[in-house]
Amino acid sequence: MQITVPKNVRTIIGILQDNGFEAYAVGGCVRDSILGIVPNDWDITTNAMPLQVKSLFRRTIDIGIKHGTVKVMMGNEGYEITTYRIDGVYEDSRHPKEVTFTTDLYEDLRRRDFTINAMAYSDKSGIVDPFEGQSDLRSGIIRAVGSPRERFGEDALRILRALRFSARFGYEIEEETASAIRELSPTLSNISAERIREELEKLLLSDNPDRLRWAYELGVTKVFFPEWDAMMECEQDTPHHFTDVGDHTIEVIRYIIENYPSLSKEDDRVLRIAALLHDIAKPVKKFRGRDGYEHFTGHPEEGVPMAEDVLKRLKYDNDTINKTKKLVRYHDELPDLTYPEVRRFIVLAGRENMDNLIRLKYADLYGHTKYKWDEKMEKLTSFEQMYQKIVRDGDPLSIKELAVNGNDLMKEGVAPGPALGEALERLMDRVLDDPQMNEKEKLLMYHRGDG
Ligand code: ATP
Ligand code: MG
């Protein structure tokens, strides 16, 4: 099989070969090329030692000489060239104690995590595939290279990587690999929050959110996201729902994937994180009402600190945390459908969150039973139309959009400090009721008490 290698990669491999070394494209780029996916980066592996690699290229960056990696710059693009290596004994399921360079490509491929990631390619040699990665690609299987128990024992992050690749490609996890995951998932506690977050997020951003259920079943989420286990275990005995909270959540994410395929990367990311966490507090808020059904009163409010807790644990940035908190808080609530109330709601939830909030509400609604569905849908649709009109009309929604500012009010004799803030708030409130009021004279009159 022939793989189309980009020109720069061909050049790099060619230079190494012309100087008597072996060189191959390796790992994810080979896998993706076989699948017909354009790889996002090309890694190169060689038997040349790092200093030899450096001597052959004009512009190089030492990004991990100790681990054998040199980055070669071609134009604006960088390519990582790593010397064939054997990872030494791992300490604490995390760090290889040392790496040893080797002259044997087979040894380098053998240290890699899954068969589909353990292939190399050069135009000269074609695909080098000692662990039958191509066969696993054809059957759609994630299989550890060698003994899964040993491999996960060396590096627990591979446990999450297995789920992530399974989610990305919609693949099954081979039986022995899966049972090693089940056995060793507690060792994920040795892995840093940042690395866990990266893998979890890739899983969440895949087309197969049901792998979140697998992560639960294999004991993986228990380690860093036990709230998810509680959701998966939380039945909902109510006419509004047909599944447990976890499976409802997966349905909501699936709706987002299917119905909002062209969101910006950032919107998509935040929306999916919020979807994952929107009902996080249901398990702790569940009670059986006098009507005989289960209820979850207060779960959006309680969900805010719980979502924050999870995201902080996973070392998320504040912007993501703040947006998510708003989406969780307001996912289940709509104002009275009058323009003043809708404007106030937008201010509370944050104008910048509204598009995602509305998407989350539709997705959430589609994840419910048809009970009172028309009524709920009608309300949501009307709300959305009112919101759109408010945006179209450019109704002022923040103090900085008011036709008067602090200086204007100080000229009216308002003292700087809290009183000024309160006066502006009062004017804002008036304009939220009636945007026509947003004219300097009208607002000053109102302020003076004769508006
Ligand atoms: P992606 O498309 O997400 O970048 P990838 O397969 O390129 O997927 P990387 O994390 O970039 O994944 O790693 C590149 C290669 O390095 C992998 O294909 C695999 O061969 C190897 N590798 C990466 N992480 C590990 C690990 N934890 N254990 C063993 N091998 C690994
Ligand atoms: Mg990669």
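Rules used throughout
For every chain, the first residue of the written sequence is number 1, and numbering continues from 1 along that sequence. Throughout, the order in which chains and ligands are written sets their labels, letters from A for the former and numbers from 1 for the latter. Reporting in this predicted model follows two pLDDT cut-offs: at least 70 for local features of residues, and 80 or more for side-chain atom pairs to be given and counted; totals over whole chains, interfaces and linings ignore these cut-offs and use all residues. To get the side-chain values, take all heavy atoms of the structure and skip hydrogens and water. Each helix is a run of DSSP H or I of at least 4 residues and each strand a run of E of at least 2, with the numbering of both proceeding from the N terminus. What a helix should span is 1.5 Å times the count of its residues minus one. Think of it this way: the bend at a residue is just the angle between two axes, each fitted to seven residues, one set ending at that residue and the other starting at it. The buried label goes to any residue with under 20% of its type's maximum accessible area, the exposed label to any with over 50%, and the partly exposed label to all in between, with areas taken from a 1.4 Å probe on protein chains only. Note on definitions: a residue-residue contact is assigned when non-hydrogen atoms from the two residues lie within 4.5 Å. Only heavy atoms are used to decide nearness, and a residue is near a molecule or strand if one of them lies within 4 Å of it. The definition of a polar contact used here is a pair of N or O atoms within 3.5 Å, where within protein one atom must be able to donate a hydrogen and the other to accept one, and adjacent residues in sequence count solely through side-chain atom pairs. Residue burial considers only the protein chains on display, and all accessible areas are found by Shrake-Rupley using a 1.4 Å probe. When DSSP finds two or more bridges between a pair of strands, those strands are recorded as paired. By convention here, the domain bounds are inherited from an automatic or database domain assignment. Summed over both partners, the accessible area lost on bringing two parts together, with a 1.4 Å probe, is the buried area. Throughout this description, the term salt bridge denotes a Lys or Arg side-chain nitrogen within 4 Å of a carboxyl oxygen of Asp or Glu. Each residue receives one of three labels: charged for Asp, Glu, Lys and Arg, nonpolar for Ala, Val, Leu, Ile, Met, Phe, Trp, Tyr, Cys and Pro, and polar for the others, Gly being one of them.

Draft legend 1. Looking closely at helix α16 (residues 299-313). Relative to the 21 Å expected for 15 residues at 1.5 Å per residue, α16 spans 20 Å between its end C-alpha atoms, a close match to the ideal helical length. Along α16, the helix axis deviates most sharply at P305, where the bend reaches about 25 degrees. Those residues of α16 not exposed but buried are H299, P300, G303, V304, M306, A307, E308, V310 and L311. Packing partners of the buried residues in α16 comprise α12 (226-232), α14 (265-277), α15 (282-285) and α17 (318-330). Remark: K315 follows α16 within two positions and exhibits a positive phi of approximately 60 degrees.

Draft legend 2. Representation of the site of ligand 1 within the structure. Taken together, 15 residues are adjacent to ligand 1, and R31, N117, D155, R158 and R164 come closest. The contact in question runs from a nitrogen atom of ligand 1 to an N or O atom on the side chain of R158, over 2.7 Å. A distance of 3.2 Å separates an oxygen atom of ligand 1 from a polar side-chain atom of R168. About the coverage of ligand 1: the protein hides 81% of its 580 Å² of free accessible area. Sorting the residues of the shell around ligand 1 by element identifies α2 (28-35) and α7 (157-169) as the ones contributing at least two each.

Draft legend 3. Highlighting the pairing of strand β3 (residues 60-64). Across 4 bridges, β3 lies against strand β4 (residues 69-74) in antiparallel orientation. Bridging across to β4, D62 finds its partner in V70. Once β3 ends, the chain turns through 4 residues before running back antiparallel as β4, passing G68 with a positive phi of about 90 degrees.

Draft legend 4. Spotlight on the domain arrangement of the protein. Here the domain parsing of the protein yields domain 1 (1-139), domain 2 (141-224), domain 3 (225-376) and domain 4 (399-448). The straight-line distance from the C-alpha centre of domain 2 to that of domain 3 is 26 Å. Between domain 2 and domain 3 the total buried area reaches about 2000 Å² when both faces are included, carbon and sulfur atoms providing 64% of it. Counting every contact that joins domain 2 to domain 3 gives 3 salt bridges. Where R269 meets E201, a salt bridge forms, and the shortest distance between an N and an O atom there is 3.4 Å. Seen at the junction of domain 2 and domain 3, the total is 14 residue pairs in polar contact (both at pLDDT 80 or more). Elements represented by at least two residues in the side of domain 2 that touches domain 3 include exactly α9 (193-204), α10 (211-217) and α11 (221-224). Sort the elements by how many residues they give to the side of domain 2 that touches domain 3 and α9 lands first, with 7 residues. In the side of domain 2 that touches domain 3, the residues fall into 10 nonpolar, 2 polar and 7 charged.

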